[in-house]
Amino acid sequence: MNTNQPSLRECPAWAALQDHREAIAPLTLRHLFADDPERGERLSLDAVGLYLNYAKNRITDETVRLLVQLAETSGLRERIDAMFRGERINVSENRSVLHIALRAPRGTSILVDGVNVVDDVHAVLDRMAAFAEHVRDGTWKGHTGQRILNVVNIGIGGSDLGPVMAYEALRFYSDRSMTFRFVSNIDGTDFVEATRDLNPAETLFVVASKTFTTLETMTNAHAARDWLLQGLGGDQAAVARHFVAVSTNAEAVSQFGIDTTNMYGFWDWVGGRYSMDSAIGLSTMLAIGPENFRAMLDGFHAMDEHFRTAPFTQNMPVLMGLLAVWYNNFFGAQTIAVLPYEQYLKRFPAYLQQLTMESNGKHVTLKGAPVGVDTGPVYWGEPGTNGQHSFYQLIHQGTRLIPCDFIAFGQPLNPLGHHHDMLLANVFAQGEALAFGKTPEEVAAEGSPDWLVPHRTFEGNRPSNTLLLERLTPAALGKLVALYEHSVFTQGAIWDIDSFDQWGVELGKVLAKRILPELGHSEPELSHDRSTNALIQRYRQLRGPQ
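Residues numbered from 1 in each chain as written. Predicted model: local features only at pLDDT ≥ 70, side-chain atom pairs only at ≥ 80, totals over all residues. Heavy atoms only, no water.

An unreviewed UniProt entry annotates the protein as Glucose-6-phosphate isomerase originating from Thiocapsa imhoffii. Quoted verbatim from the Sequence similarities (unreviewed entry) field of UniProt, the annotation for the protein is "Belongs to the GPI family." According to the UniProt record, the Subcellular location (unreviewed entry) comment for the protein reads "Cytoplasm". (UniProt positions renumbered as here; feature names shortened; annotations may be inferred.)

This is how it looks when you write it as structure tokens:
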């Protein structure tokens, strides 16, 4: 393996951006708007039902030109085309990366090893739809003949974060006669609280684990099995009426007691954090129904096609990805705040944390050389207006630069008085306040005493994007998720990293398996570092005899 390739910092396009950053350093957003009356309208994009206004960024037209030049010299177009062709761009695992196939229309052809995977995708979707309809209309009964009213999804990582985010985001469209819960943490409290008020006879568990060996998921699945059997008199036959699997390990699924007819598979070309629109979304389909699920897939596909075909200067995911690189690498911004002004999207930032940081938290290039620049900014956030009374203080007047993505909708799903106008007024006000701030002169003119002026001054010049959509629909959610998926892809292409493996997850798992048998007794002798040894010994004392 050749790790002596030129570093990103040696790339002429990178150097040009560094020089440009120094040249525009004196310019503020106040200057940029004052000097360009058309800026607010010109620096915007309207595509596939999303409106992105990116005028409140610390950029000029030249910045965009240089960022696009960096994308072109980094081979972004070639990388996009390779993904859509099904090439094995996940190099460390020698896999294709085809979450885009999960939402490709019926009849599309995407080949992997000569097989059209879109046909397989729709075969699974059709089986999911039939099962979901049977559960939702009461045809599918539990072991005692009672209707299923509760669905508990058991998974972790992408098998949990996607489904729970999608359920919360689309709860407006869900069957309100049913209860949906999600269990992921190996902490027993998670399972106990999720099931404490449920009737086993009315409860269906969806166990989501590709290998059916994931430690946390299978520990919780066995707890669920015990809970069910205890509640239904111990009849093993009950398992097959109250459990379904999202997995590819038919033998393990069958041994658990699940009828493999009710096993829904997915493929190794789908990473967990990109799988919410695969069979991993079975709980979502059970909640919102097949028609709404397919509408969500259509939204994903619309953004996929925009990403695949639009020129970079008019390509929404590309521009958002390039802006993330701009602030991360040329301003030293370590985080990006995602701020949805929509209560249904309360879990969207948490979902993006895995999507972005598991994808781009990498330190070597595709060829194994040190990247040489910072990768993977920290994504975080909360829904507005709650965050305004929490962490916005730091964004407005703190010492760190934190670019923000505001997300809002023109029409509320739950109209109530003037609530929505007040919500949207806050979105627009926050972006304006971050961009333009309040000068000492403006504060003094309001009558503040001299000693108070510094405290009430807002520096401004803090960047943000604002995304506006008409209404939060299943299709709109698909578009939003795909937008961020492809923004992540763009960033990874610039840094020349593999955005689709996650080896960093493994080491802690391996060590945990080594430590687990050591917790319950004083032997064998501990051979970890002295801090870990001391912690295990103290836990043994606290745990007491079992």
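From this point, the discussion proceeds with the structure in view.
**Comments concerning the environment of Ala408**
Tracing the backbone shows Ala408 in strand β12 (residues 404–409). As for Ala408 and Leu467, which are separated by 59 residues in sequence, their C-alpha atoms are 6.3 Å apart. Those residues in contact with Ala408 that sit more than four places away from it in its chain are Tyr341, Leu424, Val427, Leu467, Leu468 and Leu469. (Helix = DSSP H or I, 4+ residues; strand = E, 2+ residues; numbered from the N terminus. Contact = heavy atoms within 4.5 Å.)

**Examining the packing of aromatic side chains**
The full count for this structure, using the stated rule, is 25 aromatic pairs. Ring centres of Tyr167 and Phe182 lie 5.7 Å apart, and the angle between their planes is 40 degrees; this geometry places the pair in the tilted category. Linking Tyr167 in helix α7 (residues 158–169) with Phe182 in strand β6 (residues 179–183), this pair joins segments that are 15 residues apart in sequence. Exposure class is identical for Tyr167 and Phe182. Each is buried. Ring geometry for Tyr274 versus Phe500: centroids 5.4 Å apart, planes at 45 degrees, classification tilted. Placement of the pair is Tyr274 in the loop between β9 (263–264) and α12 (282–288) and Phe500 in the loop between α20 (474–495) and α21 (506–515), with a sequence separation of 226 residues. As far as burial versus exposure is concerned, Tyr274 and Phe500 are alike and both buried. A connected cluster of aromatic rings, assembled from ring pairs, spans Phe191, Phe205, Phe212, Trp227, Phe243 and Phe256. Its end group placed over the ring of Trp140, Arg241 keeps NZ or CZ at 3.8 Å from the ring centre. (Phe/Tyr/Trp six-rings, centres within 6.5 Å; stacked < 30°, edge-to-face > 60°. Buried < 20%, exposed > 50% of the residue type's maximum accessible area, 1.4 Å probe, protein only. Lys NZ or Arg CZ within 6 Å of the ring centre and 35° of its normal.)

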